[in-house]
Amino acid sequence: MLEVEELASLRKTVTTEQVAERIEHFKDQFDVQADCSPEDLQESSRTSVAMDLLAEKYKLGSFAYYYKGTGNKDNEDTISSIILGNSLLTARGIPVAGEYEIKNVQAMKIMDSFGAGGSFTEYYAMDFKDDVVLMGHDGPGHIAIAEGKTKVKPLKVYHGKVGRGLSVEMSVKNGPVTLLSVAETKDGKLILLVAEGESVKGPILQIGNTNSRYRFSIGARRFVDAWNLNGPAHHCAVGIGHIADKIDKLGELLDMAVIRVC
């Protein structure tokens, strides 16, 4: 669970040379749009290096964070520049989840451990004409499972947070996908909720978020009903390939119930 003050403190130890090197790394890993300001790139690179230092300091395998903000500028600057660093960490096996979604960051870790990725996602909308569900999220995207190169875009209104900053825009690779949620039953037991579907081509909201269109064998309406009847949080992890059978085996090993929607 990220302490924002500690990350803000680590940012102050990052050198000018480290910032410059991380910006070049950004340009290699992302499709950095021309309207991204040098100042925003510097802030994001400083935070990204600090996040690496934090992960190394505590030997983190994953982490979750949330910061509402109380007017502390150091903390505000840190959180408003966190997304590119989140995405790099997630892509190299240290998934990061916003909104303190601890159960979901473990779903992301499970998916990534199977080599399927594991990108932070939630419902956006339903397209009844094309019978698909639109899902994605602001914040970290798993760039290793993106369709093409992930774009970096500046946002004047930073989604759900104070200030402004850079965000990532990507779609999950077209083809088979698996959705996973670590959910909780009314008696406090954890379960694995899983569904297989397909990431399909089509128009998405181009708003600096991860966003994809997903089609399911049981149809969009039945999928949404069946999935939510199990009481998951509104987030889940999405990965490439159909690996529900592997999730079933993992459930047996962990003595956890696995509910397969489709």
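Here the structure is a predicted model, which is why all the values come from computation and not from measurement.

Draft legend 1. Fine view of the overall build of the protein. Within the protein, the regular secondary structure consists of eight helices and twelve strands. Taking 18 Å as the expected radius of gyration for a compact globule of 262 residues, we find that the protein reaches 18 Å, a close match to that expectation. Oriented by its inertia axes, the alpha-carbon framework of the protein measures out at about 50 × 40 × 30 Å. Counting all 262 residues of the protein, 51% fall into the buried class. Within the protein, contacts between residues at least 6 apart in sequence are counted, and of these 73% link residues at least 24 apart. When the accessible surface of the protein is split by element, carbon and sulfur atoms take 52% of a total near 12,100 Å².

Draft legend 2. Seen up close, the sheet that holds strand 7 (residues 165-169). What the three strands build is an open sheet, ordered 1-6-7; its pairing is mixed. The open sheet has two edge strands with one neighbour each: strand 1 (31-32) and strand 7. Across five bridges, the pairing between strand 6 (residues 151-155) and strand 7 is antiparallel. The residue bridging Lys153 from the neighbouring strand is Ser167, located in strand 7.

Draft legend 3. Just the nonpolar core, in detail. Judged by nonpolar contacts, the single largest core of 31 residues is most densely connected at Leu2, Phe30, Ile82, Leu84, Leu89 and Val152. Elements supplying a minimum of two residues to this core: helix 1 (4-11), helix 2 (16-29), helix 3 (38-58), helix 5 (83-91) and strand 7. In terms of residue count, the dominant contributor to this core is helix 3 (six residues). Setting aside residues no more than four positions away along its own chain, Val152 makes contact with Phe30, Asp31, Val32, Gln33, Cys36, Leu84, Leu166, Ser167 and Val168. Core analysis: the second largest hydrophobic core is formed by 21 residues, Ala146, Val172, Ile218 and Phe223 among them.

Draft legend 4. View of the side chain of Arg213. Counting through the fold element by element, Arg213 comes out in strand 10 (residues 210-215). Within the structure, Arg213 has its side chain in polar contact with the side chain of Asp130 (distance 2.9 Å). One polar contact links the side chain of Arg213 to the main-chain carbonyl oxygen of Pro203, over a distance of 2.9 Å. When near neighbours in sequence (up to four residues on either side) are disregarded, Arg213 contacts Asp127, Asp130, Val132, Val133, Leu134, Glu198, Ser199, Val200, Lys201, Gly202, Pro203 and Ile204.

Draft legend 5. Inspection of unusual backbone geometry at higher detail. With a phi angle near 50°, Tyr100 is a residue other than glycine that sits in the positive phi range. In the Ramachandran plot, Asp255 falls in the positive-phi region, its phi being about 60° despite a non-glycine side chain. Assignment of secondary structure puts Asp255 in the loop between helix 8 (244-254) and strand 12 (257-260). Given the relative accessible area of 71%, Asp255 is considered exposed.

Each value, and the rule that gives it
Residues numbered from 1 in each chain as written. Predicted model: local features only at pLDDT ≥ 70, side-chain atom pairs only at ≥ 80, totals over all residues. Heavy atoms only, no water. Helix = DSSP H or I, 4+ residues; strand = E, 2+ residues; numbered from the N terminus. Rg over C-alpha atoms; globule rule 2.2 N^0.38 Å. Buried < 20%, exposed > 50% of the residue type's maximum accessible area, 1.4 Å probe, protein only. Contact = heavy atoms within 4.5 Å. Areas by Shrake-Rupley, 256 points an atom, 1.4 Å probe, with all protein chains shown as cover. Pairing = 2+ DSSP bridges. Core = buried A, V, L, I, M, F, W, Y, C linked by side-chain atoms within 4.5 Å. Polar contact = N/O pair within 3.5 Å; in protein donor to acceptor, adjacent residues only side chain to side chain.

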